[in-house]
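Summary of structural features
If you want the building blocks of each chain, they are given just below.
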Amino acid sequence: MSETPLISVADLPDDAVLVDVREDDEWVAGHAPHAIHVPMGTVPDNLDALPDTDEAVPVICRSGGRSHRVVQWLVHQGFDVVNVDGGMRAWAGAGKEMTSENGSEPTVI
């Protein structure tokens, strides 16, 4: 299998539409404001939730491991996707905007 497509957080605009494959508790604690939540285990059943765009769709998790596996699978299915290098840890570390679902200060868990 070829290399998994990868993109750095620095190459993503602050308002990027991402597919966030983390678990519910991670999503609630903090996520990119324009992200779409599709937990890893539900991706095969929720392909219609992926954004319809002419550009590669960034896929993100906490540090890049789960999204790497999801990207590999989606590429095999014919989708144009890229793994976000370093995941939400890199997103937060770069000072990019985050939001939370529980009203508290957004954080990456």
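Okay, so let's go over this structure. (Residues numbered from 1 in each chain as written. Predicted model: local features only at pLDDT ≥ 70, side-chain atom pairs only at ≥ 80, totals over all residues. Heavy atoms only, no water.)

**Observations concerning the packing of aromatic side chains**
Ring pairs (aromatic) are described by centroid distance and by the angle formed between their planes. Applying the stated criterion to the full structure yields zero aromatic pairs. One residue, Lys96, lies across the ring of Trp91, its end atom 5.3 Å from the ring centre. (Phe/Tyr/Trp six-rings, centres within 6.5 Å; stacked < 30°, edge-to-face > 60°. Lys NZ or Arg CZ within 6 Å of the ring centre and 35° of its normal.)

**Describing the layout of surface pockets**
A volume near 170 Å³ is recorded for the largest pocket. What lines the largest pocket is a set of 13 residues, and nearest its centre among them are Ala16, Val17, Glu55, Ala56 and Pro58. Of the residues belonging to the lining of the largest pocket, the class tally is 10 nonpolar, one polar and two charged. (1 Å grid on protein atoms, 1.4 Å probe; cavity = no way out; pocket = protein on both sides within 12 Å on 5 of 7 lines; lining within 4 Å. Points joined across faces, edges and corners; volume = space filled by probe spheres on them. Nonpolar A, V, L, I, M, F, W, Y, C, P; charged D, E, K, R; others polar.)

**Section: the sheet that holds strand S4 (residues 57-60)**
Sheet architecture is open: five strands sit in the order S1-S5-S4-S2-S3, paired in parallel fashion. Here the strands that pair on one side only, and so sit at the sheet edges, are strand S1 (6-7) and strand S3 (36-37). Direction of pairing for S4 relative to strand S5 (residues 81-84): parallel, over a ladder of three bridges. Looking at the pairing, Val59 lines up with Asn83 of S5. Sheet strands in contact with helix H2 (residues 65-76) are S4 and S5, and its direction is about 170° off that of S5. (Pairing = 2+ DSSP bridges. Helix = DSSP H or I, 4+ residues; strand = E, 2+ residues; numbered from the N terminus. Contact = heavy atoms within 4.5 Å. Axes fitted to C-alpha atoms, helices over the stretch in contact; angles between N-to-C directions.)

**Quick notes on the side chain of Arg22**
Structurally, the position occupied by Arg22 is in the loop between strand S2 (19-20) and helix H1 (24-29). Overall, the relative accessible area of 0% leaves Arg22 in the buried class. Contact partners of Arg22, with chain neighbours within four places excluded, come to Trp27, Gly30, His31, His37, Pro39, Ile60, Cys61, Arg62, Arg66, Met88 and Val108. (Buried < 20%, exposed > 50% of the residue type's maximum accessible area, 1.4 Å probe, protein only.)

**Side note on the side chain of Thr4**
Checked against the element boundaries, Thr4 lands in the segment before S1. Overall, Thr4 belongs to the buried group, its relative accessible area being 15%. Only 3.5 Å separates the side chain of Thr4 from the side chain of His68, close enough to count as a polar contact. Once residues lying within four places of it in the same chain are set aside, the contact partners of Thr4 are His68, Val71, Gln72 and Asn83. (Polar contact = N/O pair within 3.5 Å; in protein donor to acceptor, adjacent residues only side chain to side chain.)

**As for H2**
Relative to the 16 Å expected for 12 residues at 1.5 Å per residue, H2 spans 17 Å between its end C-alpha atoms, a close match to the ideal helical length. Where H2 is buried, its residues touch H1, S4 and S5. Phi turns positive one or two residues past the end of H2, at Gly78, with a value near 100°. (Expected span 1.5 Å × (residues − 1).)

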